[in-house]
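Here are the chains, one letter per residue:
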Amino acid sequence: MTAFRSHLEFLRKTDDLRSLERPETPSPQVIAGEGLRADCSAVRFSTDDSRIELVNGAYGGVDQSSRGDRYPWSRLGLGLGIDRDPDYVDVLERIARLGDRIETRDVTYVERAATATDRTVRELGFPTPPDETWPRVTLGLISVGANDGSYWAPIHGTVIDDNTVRARVPEAITDRFDRGDVVSVALGVPSEALAAAYFLTITDRLSTPIEDRDVGSTVPVIPTGGGVVPSSAEIVFEAEISDPQPDTRAEKREFWERLVDATTLTLDVNSVFVRDDAVVPFTPLDVPLTDDLQLVGLALAATLYDRANSYWGVAPVEWLLLPAAGRLGLCVVSTEMLYAGFEWQLSNFLFSFSDCYDTVVVVDDEASPRDLGQVFADVWVKAHPSRDWLFSEADAPVARLPTYGRGETGARLYVNATWDPRWDEEYIAPRVSLTESYPPNLRAAIRGSWAEFGFDTDPDSP
Amino acid sequence: MSVDSFRAFLDVLENNDAVTRITDDVSWDLEASAVTMQANETDGRVPIFESVRTRESAVDARLVGDPYRGPQQRPWEWFGRAFGFPIDSGPVYYEGVIERLRDPIEPRTVPANEAPCKDVVRTGADASLLEFPWPYIHRGDGGRYATLATLVAPDPNSEWGSWSRHRAMIHDSSQASLLLLAGEQVPNRYYFEYEPADKPMPVALTIGAGPAIESTAEMWIPVGRSEVSFAGGLRTSPAELVECETNDLRVPASAEVVIEGRVLPNERLDEGPFGDYFGYMNGPRRSMPVLEVDAITHRSEPYVPFCVEGTGVGYGENSTSTFATAAGGPDATLGLRIAGFDVELAAPWPYTSRTVWVIATDRSYPGVLHELANFIFTTWGMLHIDFFVFVDSDVNPLSPRAVIEAIALHADPATDFHQFGVERMPKVPLNIYQTPDEKGSVDVGTSRTKTSKAYIDACSDDSRPPQSIGDRDARRRARELLTQAGVPEQAFEPPHTIESGR
């Protein structure tokens, strides 16, 4: 388990965190949006006053529209303690495992790192987006205590006066509390806790206490007025559920709300606990590559990858990815082609298990998730324009994330950018690449002489 | 002042610390191209191989690996610097090129004694292709190749001839096979005029003709005009040409190497397999027309630039993909505007630049996208391009993220994907989605089996998600702060919309 501030330290050590002093203007939300557009490192906003510090891009940040040495899963993988350069599939498997049910509870209780403060929620200084009135809290974790344990889910909202937060939570968790009950909100939690909350939410598995899931034995916790929260959380609020609030169309949504129903709550905050030099993650909403989108993308990919490889008795899928640049409106899957027609079966399996996208691209098992540029070429180069772009009748349930005008039904498309398993071996065109186009001794000699030849790029860079 | 020769272009690269001169002995046999591929993939300097090991070369020639490759983030940068165009924004660069292409300048002829390409003149049996260190580029290629070669051929409609890019596979001292694919202007002239009349077609294959000429050789120039006039427009001065030794054609006076000869009628030599621009080795070996050499002239210690094909796909850049983005895109944009289409910008898909193009346009009347696609598929996009993606007129086709988002969110599989006929269109045999049997080896260089073409309407229905928050000043200030924190300025390119790039 990695505390959020340790996660940031790892990002700093891997040169993936930049710092700047929090300016009065523009809003950190604007700076974060521009930083995401530039595929830049996570950005930390420091202050020399009583306001908390903020970090954007801690969980995702980059996309893969150009070559880079960071990937959409790198920062979350680092936070999950996998590796400084984690393999994509390891991240997916780790996310899925956090949601596994466990036989025996093994909860570790550790003292709360945050201490009580007289400061109000408003005084903490959450960032206010331009053209909005209230400061916004994002990437939070709500914990609801019950007799059988605690329930975690994502929460975000706005600070509408000193200690009142108008918040959005998954509808499914509202079964666990009534008006007047106390819940807790934790910010700046370990990646395991946040990733698990997103994963359990989008897979509709909020009906089991987290103590009975892997995440409950992974993240040290502390009981609070609500349920248990991660002990290392940077900020914890204890709040009473106030009058229910009607939803408004103007309410900003975190990305998970596009997949599951959500509802609005009003929280009257009774107690605020803050660590010294507290630092919490935040994200702008609706713009490209936001952390909430990346967390949902990885959680959804983890779900589909796990399901596809648990279905046929073998595990043909190498990896599965929903490009952040496409705002999860298309799905790319790399697979072993078990038999002729398997690409049809797999694509339609993926349509059955998610209604987010209407397009699935199937690529061969040698394709790398790190080289999406190659995938964006193979879609057009390996797939025959008339034989391998395959459309259903327009009588399928309409996809949730694309934005074109729609009725209740729509068509689905899968693109088969794989070699046909019925082709003779000699029909398969070898790729042009350093590995396939040149003998190993020549490649080694060139790498050995690279700097001497006058190059200053890294020959091992991706 | 725009550069007027290949050597002046190398000076531009050198002045921007974008080349490395490798003085160690390097072999033409895979080594030079492996170094170049590694440089292409890592966005490294352009390698100039000063000492090329060879047994038979009498000419002290130097290889240059993918000299026209631009930086991956900004492929047009070296062309922009060479011709004096703005480089910070792709759409602005495009408009700069378009403006020059609107104003072609006729070339002028210089005497042979003023032409560096005549430093050395060899004719007849004294002219040998084997004197040059043509690279063997990929393991599995059918032979050694001249890949950055501009072919000058007669054109009854133009005093200056027709100029286009064709690769040549070297067979022996006097013969090479030329990749001539019917559907393109020069191959059509050979297949449908010279060969039926049993006449050899006089040609000159020029190596190192310089960026202006090599750019326009990639363009689709209207019949009756010559590419070399548009090259003059690009460089804002007349291209200087000199007469060939053995035919009536004129070639760039500053060229590094000029191979004069004839394309023989009714004779074929093997061509390929070759690691091609799709990023794969294509086969099978084809039969292609024969270039019979009559003379070779060259500069002293000539440079022989070459392209490692197949490295311009995915994230990589090479000379071919850079030509497509930096020259083909502006030319296509201009051509479509002249044809009456309300096109804001047309650019190749960066991951496979000759297969897919993205066009930003308004849907100004019902059916316009069909008309646009139909126009291009029947003209310059006939052989190589299989797909067009249409995006809103303000969406920047040079922004991959913007285009991916448009396809993912706005293209409805039920209504926005349109196929042109079912396997009725011609296709180059270089593709890899047809089997070797389907490709066959027909006389005019297209696949025996036809293919389909398609276009995707990824224009929005006014439902585009936001790309940024805050007003223009706030965003500008945000970028300044991020730049001060160490984010490189060019990380903000390319912008999502064309307007914000201007």
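Residues numbered from 1 in each chain as written. Chains lettered and ligands numbered in written order. Predicted model: local features only at pLDDT ≥ 70, side-chain atom pairs only at ≥ 80, totals over all residues.

Novice: Help me understand the overall build of chain A in this model?
Specialist: Scanning chain A from N- to C-terminus turns up 11 helices and 20 strands. For chain A, the C-alpha radius of gyration of 23 Å lies close to 23 Å, the compact-globule estimate for 462 residues. Along the first, second and third principal axes, the C-alpha set of chain A runs to 75 × 60 × 50 Å. (Helix = DSSP H or I, 4+ residues; strand = E, 2+ residues; numbered from the N terminus. Rg over C-alpha atoms; globule rule 2.2 N^0.38 Å.)

Novice: Honestly, the interface of chain A and chain B in this entry has me stumped. Any pointers?
Specialist: The accessible area lost on association of the parts is a frequent measure of interface size. Listed as interface residues are 78 residues of chain A and, on the opposing side, 78 residues of chain B. If you tally residues by element for the side of chain A that touches chain B, the top one is helix H2 (residues 28-37) of chain A, at 7 residues. Residue composition of the side of chain A that touches chain B, grouped by class: 41 nonpolar, 22 polar and 15 charged. (Contact = placed C-beta atoms within 7 Å. Nonpolar A, V, L, I, M, F, W, Y, C, P; charged D, E, K, R; others polar.)

Novice: Can you walk me through the sheet that holds strand S15 (residues 330-335) of chain A in this structure?
Specialist: In a beta sheet, neighbouring strands are held together by backbone hydrogen bonds and run either parallel or antiparallel to one another. All names here are of chain A. If you trace the 5 strands from one edge of the open sheet to the other, you get S14-S15-S16-S20-S17, paired in mixed fashion. Two strands lie at the open edges of the sheet, namely strand S14 (317-321) and strand S17 (389-391), each paired on one side alone. Mean inter-strand twist for the sheet, computed between neighbouring axes without regard to direction, equals 20 degrees. Where S15 lies against strand S16 (residues 359-364), 6 bridges are found, and the strand directions are parallel. Looking at S16, one finds that Thr335 is bridged to Asp364. Running at roughly 100 degrees to S16, helix H9 (residues 372-381) makes contact with S15, S16 and strand S20 (413-417) of the sheet. (Pairing = 2+ DSSP bridges. Axes fitted to C-alpha atoms, helices over the stretch in contact; angles between N-to-C directions.)

Novice: So what exactly am I meant to see when it comes to helix H2 (residues 31-42) of chain B here?
Specialist: Quick reminder: α-helices carry 3.6 residues per turn. Residues three or four places apart thus point the same way. A rise of 1.5 Å per residue sets the reference length of H2 of chain B, with its 12 residues, at 16 Å; its end C-alpha atoms lie 17 Å apart and thus fit the reference within 8%. Here H2 of chain B has its buried residues at Glu31, Ala32, Ser33, Ala34, Val35, Thr36, Met37, Gln38, Ala39, Asn40, Glu41 and Thr42 of chain B. Elements that come into contact with the buried residues of H2 of chain B comprise helix H10 (434-437) and helix H11 (440-449) of chain A together with strand S1 (19-27), strand S2 (46-53) and strand S3 (62-65) of chain B. (Expected span 1.5 Å × (residues − 1). Buried ≥ 20, exposed ≤ 12 C-beta atoms within 10 Å, placed from the backbone.)

Novice: Hey, could you run me through the pairing of strand S8 (residues 162-165) of chain B in this one?
Specialist: Working note: regular strand, side chains alternate between the two faces of the sheet. Residues and elements named next belong to chain B. Of the two faces of S8, both are covered, the one formed by Ser162 and Ser164 as well as the one formed by Trp163 and Arg165. Both strand S7 (residues 149-153) and S8 contribute to a ladder of 4 bridges, which runs antiparallel. Across the sheet, residue Val152 finds its bridge partner in S8, namely Trp163.

Novice: How should I be thinking about the domain arrangement of chain A in this particular structure?
Specialist: All names here are of chain A. We note that the domain assignment places domain 1 (4-282) and domain 2 (309-429) within chain A. The distance between the C-alpha centroids of domain 1 and domain 2 comes to 32 Å. With 11 residues of domain 1 at the interface, the matching set in domain 2 holds 11 residues. Per-class residue counts for the side of domain 1 that touches domain 2 are 5 nonpolar, 3 polar and 3 charged. (Domains from an automatic or database assignment.)

Novice: Sorry if this is basic, but what is going on with the domain arrangement of chain B here?
Specialist: Residue and element names in this part refer to chain B. In terms of domains, chain B is made up of domain 1 (6-306) and domain 2 (339-501). If you average the C-alpha positions of domain 1 and of domain 2, the two centres end up 28 Å apart. In this assembly, 25 residues from domain 1 lie in contact with 25 residues from domain 2. Of all the elements in the fold, those that place two or more residues in the side of domain 1 that touches domain 2 are helix H4 (90-101), helix H5 (185-194) and strand S17 (286-298). When residues in the side of domain 1 that touches domain 2 are grouped by element, the largest group, 4 residues, is from H4.

Novice: Sorry, what's going on with the pairing of strand S1 (residues 17-21) of chain A here?
Specialist: Residues and elements named next belong to chain A. In the sheet, S1 pairs with strand S2 (residues 42-46) via 5 bridges, with the strands oriented parallel. Within S2, the position partnered with Leu17 by the bridge is Ala42. Note on the crossover from S1 through H2 to S2: the handedness is right-handed. (Right-handed = clockwise from strand over helix to strand, strands pointing away.)

Novice: Is there a simple way to think about the packing of H2 of chain A against helix H12 (residues 472-484) of chain B in this case?
Specialist: Packed helix pairs are characterised by how far apart their axes lie and by the angle those axes make with each other. Packing of H2 of chain A against H12 of chain B leaves a shortest axis separation of 9 Å and a crossing angle of 70 degrees. Our classification of the angle between H2 of chain A and H12 of chain B gives roughly perpendicular. In terms of crossing hand, the pair formed by H2 of chain A and H12 of chain B is right-handed. On H12 of chain B, the residues that touch Val30, Ile31, Glu34 and Gly35 of chain A of H2 of chain A are Ala474, Arg475, Ala478, Arg479, Leu481 and Leu482 of chain B. (Parallel < 35°, antiparallel > 145°, perpendicular 65-115°, else oblique. Left-handed = near helix turned anticlockwise from the far one by under 90°.)

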